[in-house]
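Report on the structure
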Amino acid sequence: MTPPHEFRLSHFQAMVIFALVISIAFGFLSRRGPYKRARYILWSFILFLLIGVGIGWAMYPFSH
Amino acid sequence: MPDEVPVAETTDAVPVAQAVSPYPEPAQDRHRRDALALTIAAAAWLLPGLGHALLKMWGRALVCFSTVALLVILGAGMRGNIFSRNGEDAFAKLGYVADLGAGSFYFVAKALEPAGPDVSHANGDYGTRLLATAGVLNMLAALHAYEVARARKA
């Protein structure tokens, strides 16, 4: 049974949260100005997801 | 004799662009700034966001604090492994270094996990990664605050 304070996330949910949090942190640390930051955060978030899903598919044949 | 002498011929003053101090920074000032930068880096490591707050970079301070806090809360809530000093192998030792990077939040994570880690499920494994990420992210933020304090970055 899951205690009330325990989080249960799927692999994809954990990856999305990870990508979002890291993108925001990188965007604020490496860029100045709201426009540049927003663009960097969005671009970085999309790349995190695409590369994550791509690596997942690249490993798929080895799991069978 | 002309009444007005052209300005360029009156003085041999250097142009404005070259008027910036050509002298190196005094060693005492440099040492003081280095010491201040180290103090800010230590503060940034100890409490995420504090280094940037001391530098009056409020947005970055808020983001550093909230992202590290969120990762620690999620990682501990997913019952990720918080490595201790007595790691058996190199990976456990590296994990300890990464976890310790979160500064005081390392102990917060321990306090949030009274039942201890559970890596028998994938969920706990994801939590371990999130906790390590929180530590590494905080170290990166502390390094950024250090560089800003040394006036190497904006």
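Everything below is about the structure shown above.
These lines cover the structure that appears in this document, whether it is placed above or below. All figures in this text were calculated on a predicted structure; none of them were measured in a lab.

A count of helical and extended segments in chain B gives 7 helices and 0 strands. Shown N-terminal to C-terminal, the secondary structure of chain B runs as helices and strands in the order α-α-α-α-α-α-α. Burial status across chain B gives 38% buried among its 154 residues. Pairs at least 24 apart in sequence give 72% of the contacts found in chain B among residues at least 6 apart.

Another aspect to go through is the nonpolar core. Val72, Ala134 and Ala145 of chain B are the most contacted members of the largest nonpolar core, which totals 41 residues. Within the residue set of this core, elements represented by two or more residues are helix H1 (11-30) of chain A together with helix H2 (27-46), helix H4 (58-77), helix H6 (105-112) and helix H7 (122-149) of chain B. For this core, the element with the most residues is H7 of chain B, which contributes 12 residues. In this structure, Val72 of chain B is in contact with Ala102, Phe105, Val108, Ala109, Leu131 and Ala134 of chain B, ignoring residues within four places of it in sequence.

This next bit is on unusual backbone geometry. Trans is the prevailing form of peptide bonds, just as negative phi is the prevailing case for residues other than glycine. Residues and elements named next belong to chain B. In this structure, Lys56 takes a positive phi of about 65 degrees despite not being glycine. Looking at the secondary structure, you find Lys56 in the loop between helix H3 (50-54) and H4. Look at Arg79: it is not a glycine, yet its phi comes out positive at around 60 degrees. Of note, Arg79 is situated in the loop between H4 and helix H5 (90-100). Judged by the 26 C-beta atoms lying within 10 Å of it, Arg79 is buried.

Moving on: the interface of chain B and chain A. With 20 residues of chain B at the contact, the number on the chain A side is 15 residues. Of all the secondary-structure elements, those providing two or more residues to the side of chain B that touches chain A are H4 and H7 of chain B. Of the residues forming the side of chain B that touches chain A, the biggest block, 9 residues, is contributed by H4 of chain B. Here the side of chain B that touches chain A is composed, by residue class, of 12 nonpolar, 6 polar and 2 charged.

Moving on: the packing of H4 of chain B against H7 of chain B. Residues and elements named next belong to chain B. Two elements in contact, H4 and H7, have axes whose closest approach is 7 Å; the angle formed by their N-to-C orientations is 160 degrees. One element, H4, and the other, H7, form an angle in the roughly antiparallel class. Remark: the crossing between H4 and H7 carries left-handed chirality. Seen from H4, the contacting residues are Cys64, Thr67, Val68, Leu71, Val72, Leu74, Gly75 and Ala76; seen from H7, they are Gly127, Leu130, Leu131, Thr133, Ala134, Leu137, Asn138 and Ala141. When the residues that make up the contact of H4 with H7 are grouped by side-chain class, the tally is 11 nonpolar, 5 polar and no charged.

In this structure, Ala122 of chain B sits in helix H7. Measuring from C-alpha to C-alpha, the distance between Ala122 of chain B and Leu100 of chain B comes to 23 Å, with 22 residues separating the pair along the chain.

Side chains three or four residues apart in an α-helix point the same way, a direct result of the helix having 3.6 residues per turn. Given a rise of 1.5 Å per residue, 28 residues ought to cover 40 Å, and the 41 Å separating the end C-alpha atoms of H7 of chain B matches this to within 8%. Directly after H7 of chain B, the chain includes Ala151 of chain B, whose backbone phi takes a positive value near 60 degrees.

Rules of the game
Residues numbered from 1 in each chain as written. Chains lettered and ligands numbered in written order. Predicted model: local features only at pLDDT ≥ 70, side-chain atom pairs only at ≥ 80, totals over all residues. Helix = DSSP H or I, 4+ residues; strand = E, 2+ residues; numbered from the N terminus. Buried ≥ 20, exposed ≤ 12 C-beta atoms within 10 Å, placed from the backbone. Contact = placed C-beta atoms within 7 Å. Core = buried A, V, L, I, M, F, W, Y, C linked by C-beta atoms within 7 Å. Nonpolar A, V, L, I, M, F, W, Y, C, P; charged D, E, K, R; others polar. Axes fitted to C-alpha atoms, helices over the stretch in contact; angles between N-to-C directions. Parallel < 35°, antiparallel > 145°, perpendicular 65-115°, else oblique. Left-handed = near helix turned anticlockwise from the far one by under 90°. Expected span 1.5 Å × (residues − 1).

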